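Structural overview
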Amino acid sequence: DVVQLKGRLSLSLDELVEADATRSSTSLLACLADDLGVTAGQLSFLKPLPLHMQQSICEKFDASGTKDGNKLGRLEAYARSVSA
């Protein structure tokens, strides 16, 4: 199926779903980056993960246990454990 938006753009349903997932992923990572005090670019290692995994990581990750302040390192370890 192809969706036409005001006659200017035609997207297949798969392309529309992919575009929405990309936008959702970007929003999730931007919010998480803001919470952690890092740039969204530093969270690029999360982008290849499926959206549901990204959502789970963003919702459940707790950086408060980081004793040395390395929230990014803790997040990387957490993401590896979730995706394994």
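Examining the overall build of the protein
- Along its length, the protein carries three helices and two strands.
- Seen in sequence order, the protein has helices and strands lined up from the N terminus as β-β-α-α-α.
- Across the 84 residues of the protein, 23% fall into the buried class.
- When the accessible area of the protein is evaluated, it comes to approximately 5,900 Å², of which 51% is carbon and sulfur surface.

Some thoughts on the confidence of the model for the protein
- Mean pLDDT for the protein: 77, with 69% of residues reaching 70 or above.
- The spread of mean pLDDT over the elements of the protein runs between strand 1 (residues 2-5), the lowest at 47, and helix 3 (residues 71-83), the highest at 92.
- Ignoring residues within four places in sequence, the model shows residues 1-6, a span with pLDDT below 50, making twelve contacts including any to other chains.

What counts, and at which threshold
- Residues numbered from 1 in each chain as written.
- Predicted model: local features only at pLDDT ≥ 70, side-chain atom pairs only at ≥ 80, totals over all residues.
- Heavy atoms only, no water.
- Helix = DSSP H or I, 4+ residues; strand = E, 2+ residues; numbered from the N terminus.
- Buried < 20%, exposed > 50% of the residue type's maximum accessible area, 1.4 Å probe, protein only.
- Areas by Shrake-Rupley, 256 points an atom, 1.4 Å probe, with all protein chains shown as cover.
- pLDDT = per-residue confidence, 0-100.
- Contact = heavy atoms within 4.5 Å.

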